[in-house]
Amino acid sequence: MTIKFNKIAQTIVYSLSVATLLFTPFSVFADDPANICNQSNSSSVQVSNLDCAAISGNWVNWVPDDGSSSSCTTSDSLGSTNEAPGGFATNQVQTFEHEPITSTWDISDSTVEQWFLSSGITTIGKYGINSSNIGAITTAVRAAGVSPVFFYLYTVNEGGGAGGFINHYSSDTTGGGVANAARDAEYLATYSEKTGTGPSWVDAGNPVDFVPQDVKTTGNADFQSMPLGTIGRVYIPATAAAAWEAYYPNGLKKEFNKVQNYGGPLGDSMRMIKDMGGDPLQGGAILSAAGCADTVTGEGMTKGINFAIAIANNNGYGYDQNTRGTGWQKWQSDPSCTNQCGSFDCSSFISAILTTAGYFKTNPNFATGTEGPDLEKVGFTKIATSATTSKDLLAGDVLLADGHTALYIGNDQMVDARINENGGINGGQVGDQTGKEIMVEPFRDASSDSWIGVFRAPN
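Keep in mind that what you see is a predicted model, and the values were worked out from it rather than measured. One numbering rule holds for all chains: residues counted from 1, following each sequence as written. Only residues with pLDDT of 70 or above have their local features reported here, since the model is predicted, and side-chain atom pairs are shown and tallied only from 80 upward, although totals for entire chains, interfaces and linings are computed over all residues. Only heavy atoms go into the side-chain values, all of them from the structure, while hydrogens and water stay out.

I'm lost on the overall build of the protein in this one. Help?
The number of helices and strands found in the protein is 15 helices and 10 strands. Only protein chains enter the area calculation, which uses a 1.4 Å probe; residues under 20% of their type maximum are buried, those over 50% are exposed, and those in between are partly exposed. Counting the 459 residues in the protein, one finds 57% classified as buried. Surface accessibility follows the Shrake-Rupley procedure with a 1.4 Å probe radius. Residue values consider only the protein chains on display as shielding. Here the protein has roughly 16800 Å² of accessible surface; of this, 48% comes from carbon and sulfur atoms. Counting from the N terminus, the helices are DSSP H or I runs at least four residues long and the strands are E runs at least two residues long.

Would you mind going over the packing of aromatic side chains with me for this structure?
By convention here, two paired aromatic rings are described through the distance between centres and the angle between planes. Two rings from Phe, Tyr or Trp (for Trp, the six-membered ring) form a pair when their centres sit within 6.5 Å of each other. Planes less than 30 degrees apart are called stacked, planes more than 60 degrees apart edge-to-face, and all others tilted. Evaluated as defined, the whole model comprises 22 aromatic pairs. A network of ring pairs unites the aromatic residues Phe116, Tyr127, Phe151, Tyr152 and Phe165 as a single cluster. Between the NZ or CZ atom of Arg183 and the centre of the ring of Tyr169, over which it lies, the distance is 3.7 Å. Placement of a charge over a ring requires the Lys NZ or Arg CZ to be within 6 Å of the ring centre, with the centre-to-atom vector within 35 degrees of the ring normal. Positioned over the ring face of Phe223 is Arg233, at 4.4 Å from the centre of the ring.

What is the right way to look at the packing of helix H2 (residues 109-118) against helix H4 (residues 134-143) in this model?
The relative placement of two packed helices comes down to the angle between their axes together with the axis-to-axis distance. All axes are obtained by fitting lines to C-alpha atoms, using only the stretch in contact for helices, and the reported angles, taken between N-to-C directions, cover 0 to 180 degrees. Across the interface, H2 lies against H4 with an axial gap of 11 Å and an inter-helix angle of 120 degrees. Every pair of crossing elements has a handedness; the one defined by H2 and H4 is right-handed. Here H2 contributes Asp109, Glu113, Phe116 and Leu117 to the contact with H4, which in turn contributes Ile134, Gly135, Thr138 and Arg142. Considered class by class, the residues forming the contact of H2 with H4 number 3 nonpolar, 2 polar and 3 charged. By the definition used in this description, the sense in which the near helix is turned from the far one sets the handedness, with an anticlockwise turn below a right angle giving left-handed and a clockwise turn giving right-handed. Two residues form a contact once any of their heavy atoms are found within 4.5 Å. Ten residue types, Ala, Val, Leu, Ile, Met, Phe, Trp, Tyr, Cys and Pro, are classed as nonpolar, four, Asp, Glu, Lys and Arg, as charged, and the remainder, Gly among them, as polar.

Quick question: what am I supposed to make of the pairing of strand E7 (residues 404-410) here?
As a general feature of sheets, a regular strand has side chains that alternate between the two faces. Where burial is concerned, most of E7 is hidden: 7 out of the 7 residues are buried. Summarising the sheet, E7 and strand E8 (residues 413-417) pair through 3 bridges and their orientation is antiparallel. Residue pairing in the sheet places Leu407 in a bridge with Val415 of E8. Strands pair, by our definition, only if DSSP identifies at least two bridges between them.

Looking at this structure, I do not really get the state of the cysteines. What am I missing?
As used in these notes, a disulfide is a covalent bond between sulfur atoms, one from each of two cysteines. In what follows, a disulfide is any cysteine sulfur pair within 2.5 Å. As enumerated under the stated definition, the model contains 1 disulfide in all. The disulfide partner of Cys337 is Cys341, and the gap between their sulfur atoms is 2.2 Å. Its S-S torsion of approximately -100 degrees makes the covalent link between Cys337 and Cys341 left-handed. Each of the two residues, Cys337 as well as Cys341, counts as buried.

Which parts of the structure should I look at to understand the sheet that holds strand E9 (residues 438-442)?
Whether parallel or antiparallel, the strands of a sheet pair through hydrogen bonds between backbone atoms. Strand order in the open sheet formed by 6 strands is E5-E10-E6-E7-E8-E9, and the pairing between neighbours is antiparallel. In the strand order of this sheet, the two ends are held by strand E5 (381-384) and E9, each with one partner. Pairwise comparison of adjacent strand axes, ignoring direction, gives a mean angle of 30 degrees for this sheet. Here strand E6 (residues 398-401) pairs with E7 via 4 bridges, running antiparallel. Paired with Val398 across the strands is Leu407, a residue of E7. Against the sheet, helix H12 (residues 301-312) makes contact with E7, E8 and E9, and its axis sits at roughly 110 degrees relative to E9, the strand it touches most. Against the sheet, helix H15 (residues 368-377) touches E5, E6, E7 and strand E10 (453-456), its axis set at about 140 degrees to E6.

What am I meant to see in unusual backbone geometry here?
Excluding glycine, most residues fall at negative phi; most peptide bonds, likewise, are trans. Within the chain, Trp105 stands out as a residue other than glycine whose phi angle is a positive 55 degrees. Its location among the elements puts Trp105 in the loop between helix H1 (90-97) and H2. Taking relative accessible area as the criterion, Trp105 reaches 2% and is therefore assigned buried.

What should I look at first to understand helix H13 (residues 326-333) in this one?
An α-helical turn contains 3.6 residues, so any two residues separated by three or four positions project in the same direction. The complete set of buried residues in H13 reads Gly327, Trp328 and Trp331. For H13, the angular spread of buried residues about the axis comes to 95 degrees, placing them on one side. Opposite the packed face of H13, turned more than 90 degrees from it, sit the exposed residues Gln329 and Ser333. Those residues of H13 that are buried lie in contact with H4, H12, strand E3 (317-319), strand E4 (342-344) and helix H14 (346-356). Of all possible arcs, the one meant is that of the directions from the helix axis to the C-beta atoms.

Would you explain the nonpolar core in this entry?
Soluble globular proteins tend to bury their nonpolar side chains together. Residues grouped as a nonpolar core are buried Ala, Val, Leu, Ile, Met, Phe, Trp, Tyr and Cys residues, joined through side-chain atoms within 4.5 Å. Ranked by internal contacts, the top residues of the largest apolar core, which has 62 residues, are Trp115, Phe116, Phe150, Phe151 and Phe165. Broken down by element, this core gets its largest block of residues, 8 residues, from helix H6 (residues 176-192). Within the second largest apolar cluster, 37 residues are counted, among which are Ala310, Ala357, Leu400 and Phe455.

Even after reading the chapter, I still don't get the side chain of Ser351, so can you show me in this structure?
Tracing the backbone shows Ser351 in helix H14. The residues contacting Ser351, other than those within four sequence positions of it, are Asn363, Pro364, Asn365 and Phe366.

How should I be thinking about the pattern of salt bridges in this particular structure?
As a working rule, side chains carrying opposite charge can pair if their charged atoms are close by. A carboxyl oxygen of Asp or Glu within 4 Å of a side-chain nitrogen of Lys or Arg is what we treat as a salt bridge. Per the counting criterion, the structure on display carries 15 salt bridges. The closest approach of N and O atoms between Glu441 and Arg444, which form a salt bridge, is 3.0 Å. Judged by relative accessible area, Glu441 falls into the buried class, the value being 7%. Linked through salt bridges whose partners overlap, the residues forming this network are Asp416, Arg418, Glu441 and Arg444.

How should I be thinking about H6 in this particular structure?
Helix length check: H6, at 17 residues, gives a terminal C-alpha distance of 25 Å against a target of 24 Å (1.5 Å per residue), a fit within 8%. Within H6, 16 of the 17 residues are buried, leaving the element largely enclosed by the surrounding structure. Expected span of a helix, by definition, is 1.5 Å for each gap between consecutive residues, and there is one gap fewer than residues.

Looking at this model, I keep getting lost on the environment of Ile107. Mind explaining?
Relative to the helices and strands, Ile107 resides in the loop between H1 and H2. Note: C-alpha distance between Ile107 and Gly277 (170 residues apart in sequence) is 7.1 Å. With residues near it in sequence (within four places) discarded, Ile107 still touches Val112, Val149, Ile273, Met276 and Gly278.

Everything listed is a geometric property; what it means functionally is a separate question.
Now the structure itself:
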């Protein structure tokens, strides 16, 4: 497939909201996002998960080289069909902003990676990103619960800059491209789930309050009804250009805002999706390890599921009981590792998953003998003493047997650390030598003993 990068050599920046002037630190365990599976516009999925996205970045304005207006016109009413930036009608832009930021638009990872590498954005050189290592960045983004398509689109729209990929932070974190992508994706995921925000009606760089009150009233109402974890929840509080684009397209014109012609970040993203062969009005399959067939149980569990899938897909991590803590240690120090990273056993893997999900402030590294009581201490409920089928399970349910444990991830699938390449529990080489030491597999009852406990996370 030929990827046409249609960004042109334009100065890309959009309007900066007052709220985005401050660089806000982010804690990995703060306010884990809840799932938005039930709001999906999708069908089936691959492996990885849902969530959210958002950012308050240094949006400035998209101004064509010739200084003319980008193709925005007329309508100041919600639901209008007049043309907005990017050649889309405003009602189409409004449809797009209500889509989950976990949407893939049925664009593959390899397609969006190729597109991103073709963009020429300075971030590529900054982190030395190429076709051989971009997969690690994609994995980190997925592990945070953000669609790689959305993440790379957002990065290109932001245009590189200060710290990380998305210009939210004033400086880089340590760990190179993977660590910075993970930090930025975590921020996006959390911010899109944030309540108490609203449209940014005034550009902090050009503080002219010109939007009519009736437009604000209508736009505020639409925003408050917008599901958490959607595209509009990312863009509209962060940049006035997006708020105008969605609710008052005339505001992008100098004749109305009295400052300059602004471009529309939403329409620009929609155009980029079309360039990659996707349909911006059809979100397509969303990221979901759980398949979005059912609700994911427990706030933060989505993040845990993504972590579990990332580890299962990374053959740098394998099974060993004697060195069961090394996998978590390596993930903490070097999340970009893909070769001889470390080991988990079944229970240390579940412990790491639930710590990532935010249920433990520090990893308890429990064993199966203490797992049940440790889960109950942090609010998990034992909902069943057996599970021969997945019929009554929800994604995020923890399965416990005498000597084994796994995590149910939906769609009749579970993920677990199973056994080393020699069919034993100790010894062997570091990493997954068979691709099956840690894996996603169809739901099954425990191989030696039946499941004796099903634990469900607190909501």
